Amino acid sequence: MSNRRSFFTKASALTASLFTGKAALSAQTNPAPVPVTTLDVADLPFTMDSGTKVFNLIAEPVKQTVIPGRTLDLWGFNGSAPGPTIQANEGDRVRIIFDNHLPEATGIHWHGLELPIAMDGVPGVGQDLVQPGGRFVYEFTLHQNGTFFYHPHMAMQEMVGLLGGFIIHPKTAYTPLVDKDFLIALQEYAVLPNTTIPNSMAMEFNWLTFNGKAGPSTTPLVVQQGERIRVRFINMGMDHHPIHLHGFTFWETGREGARQQETAWTRGNTTLVGVAQARDIEFIADRIGDWMLHCHLPHHMMNQMVPSVGPMTRTNPSKVPLYPQDAFMEGPMMAMDHEVDKPETHGLPAGWSGFSGGMMTLLRVMPPEKYNEIAALIAAKKAGAR
Ligand SMILES: [Cu+2]
């Protein structure tokens, strides 16, 4: 009888995990939100001062390697573009000490936050410009929760890398609980041949990035089968990006500024992340595989899309009348498996990297033993880096 009871207990637990993800099993014991992971980008550290979280944010020129061999001269924050992710909690008082190490004046806008006008970061309206070498201290209380971001309110500066995520965790975790929560910042750059500096006036872009990396340099999202996953997207650029996930039908659960009530959730496999918008999607990773997650604009799925650099043409087009003559941008000759090798790419089929470019990454859903193998490799790499 006891065996039978335990069987039913296990069976109902399994059913629960299939429908709501593993996290639901611990919903009553651990309602705290999981931290957000921004792959390839650090979190901004903070210190405490009498109950206030104090962050130091520095705008500065940065070298950002988008794929091996292509390092761009961008403007970013604290060494990267996008800048480090700020994570805080609803109800927190935050102080952000902002230093301008750029060669021109700026100010930082907290995109979507409801705060006093003097903290809104619009030079000439709510505050004076922060001059090169200057400092401005922002301080406000967070009464919202959701996916936000920060950027200068200076159009051309927005086009050369100055963006960062600002996550405000709710007081109690959103339900159903997720096991993993990722942030992906969408940016695009127009870098003319023979330069490493983006042309901020251009309307056509050749470097399309997830968290400052173009495929295949983007780090895959590695998750364990059965986990409930949230991915948040933020977009700052000139284009709206239809972000498509293979293999799963997700719920869109949040937009810039707020989590949506459950009755407003929509299902889909592609979410259009417009300029200045955020989109949160959630799904249960119940299907093993290496699934594509990418912007579906064809020119945003490849690298170096500049007409004057000598595109690689298809083989023997002249033999086939009306054969498309344009470049093909993926294939074995584009592979760079070794150059982008990291724990998260462990075990991918040889040559995989020839088929990834631009705003593209992989969602790797793994059975426990393979997941643990990669987790061990990641831990070893971190230990080696210390
Ligand atoms: Cu796109």
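Anything mentioned here points back to the structure above.
Undergrad: An account of helix H3 (residues 368-385) is requested, with residue identities and associated values reported.
TA: Think of an α-helix as turning once every 3.6 residues; residues three or four places apart then point the same way. For H3, spanning 18 residues, the distance from its first C-alpha to its last is 25 Å, which sits close to the expected 26 Å at 1.5 Å a residue. In terms of burial, H3 is a largely surface element, 1 of the 18 residues being buried.

Undergrad: Break down the pairing of strand S6 (residues 93-100) for me, with residues and values.
TA: Here S6 shows a clear split, with Val94, Ile96, Phe98 and Asn100 buried on one side and none of Arg93, Arg95, Ile97 and Asp99 buried on the other. Sheet analysis places strand S3 (residues 52-67) next to S6, joined by 8 bridges and oriented parallel. Opposite Thr52, over in S6, you have Arg93 as the bridge partner.

Undergrad: Account for the nonpolar core, with residues named and values stated.
TA: Formed by 73 residues in total, the largest nonpolar core has its most connected members in Trp75, Phe166, Ile184, Leu186, Trp207, Phe233 and Ile234. Among the elements that take part in this core, strand S11 (residues 180-189) stands out by supplying 6 residues, more than any other. The contacts of Trp207, once residues within four sequence positions are left out, are Val66, Leu72, Glu188, Tyr189, Val191, Ala214 and Asn303.

Undergrad: Describe the sheet that holds strand S10 (residues 164-169), with residues and values.
TA: Backbone hydrogen bonds are what pair the strands of a sheet, in a parallel or an antiparallel way. The strand order across the open sheet built from 4 strands is S5-S10-S9-S7, with neighbouring strands paired in mixed fashion. Two strands close off the open sheet at either side, each with one partner strand: strand S5 (83-89) and strand S7 (108-111). The average undirected angle you get between the axes of adjacent strands in this sheet is 20 degrees. Pairing of S7 with strand S9 (residues 146-152), which is carried by 4 bridges, proceeds in the antiparallel orientation. Considered in S9, the bridge of His109 is made with His151.

Undergrad: Describe the sheet that holds strand S13 (residues 221-224), with residues and values.
TA: Taken together, the 5 strands give an open sheet; going across it, the order is S13-S22-S21-S15-S19, and neighbouring strands pair in mixed fashion. The sheet is open, and its two borders are formed by S13 and strand S19 (270-273), each paired with just one other strand. The sheet shows a mean angle of 20 degrees between the axes of neighbouring strands, direction not considered. Pairing between S13 and strand S22 (residues 360-366): 4 bridges, direction parallel. Across the sheet, residue Val222 finds its bridge partner in S22, namely Arg364.

Undergrad: Break down the environment of Pro349 for me, with residues and values.
TA: Within the fold, Pro349 resides in the loop between strand S21 (289-295) and S22. The exposure class of Pro349 is exposed, given the 8 C-beta atoms found within 10 Å. Considering only alpha carbons, one finds Pro349 and Asp337, 12 residues apart in sequence, at a separation of 9.3 Å.

Undergrad: Go over unusual backbone geometry with me, naming the residues and quoting the values.
TA: Only a minority of non-glycine residues have a phi that is not negative, and only a minority of peptide bonds are not trans. Put simply, Ala81 and Pro82 share a cis peptide bond, and its omega is 5 degrees. The linkage connecting Thr175 with the following residue, Pro176, adopts the cis geometry, with an omega of -10 degrees. By the secondary structure assignment, Pro176 is in the loop between S10 and S11. We note that Asp40 has phi near 75 degrees; this positive angle belongs to a residue other than glycine. The residue Asp40 is located in the loop between strand S1 (36-37) and strand S2 (46-49) in this model.

Undergrad: Just give me the short version of the pairing of S22, but keep the residues and values in it.
TA: When you tally the buried positions in S22, you get 7 out of 7 residues, the bulk of the element. Of the two faces of S22, both are covered, the one formed by Met360, Leu362, Arg364 and Met366 as well as the one formed by Thr361, Leu363 and Val365. By the bridge criterion, 6 bridges tie S21 to S22 in an arrangement that is antiparallel. Looking across to S22, one finds that Leu293 is bridged to Thr361.

Reading the values: rules and limits
- Residues numbered from 1 in each chain as written.
- Predicted model: local features only at pLDDT ≥ 70, side-chain atom pairs only at ≥ 80, totals over all residues.
- Helix = DSSP H or I, 4+ residues; strand = E, 2+ residues; numbered from the N terminus.
- Expected span 1.5 Å × (residues − 1).
- Buried ≥ 20, exposed ≤ 12 C-beta atoms within 10 Å, placed from the backbone.
- Pairing = 2+ DSSP bridges.
- Core = buried A, V, L, I, M, F, W, Y, C linked by C-beta atoms within 7 Å.
- Contact = placed C-beta atoms within 7 Å.
- Axes fitted to C-alpha atoms, helices over the stretch in contact; angles between N-to-C directions.

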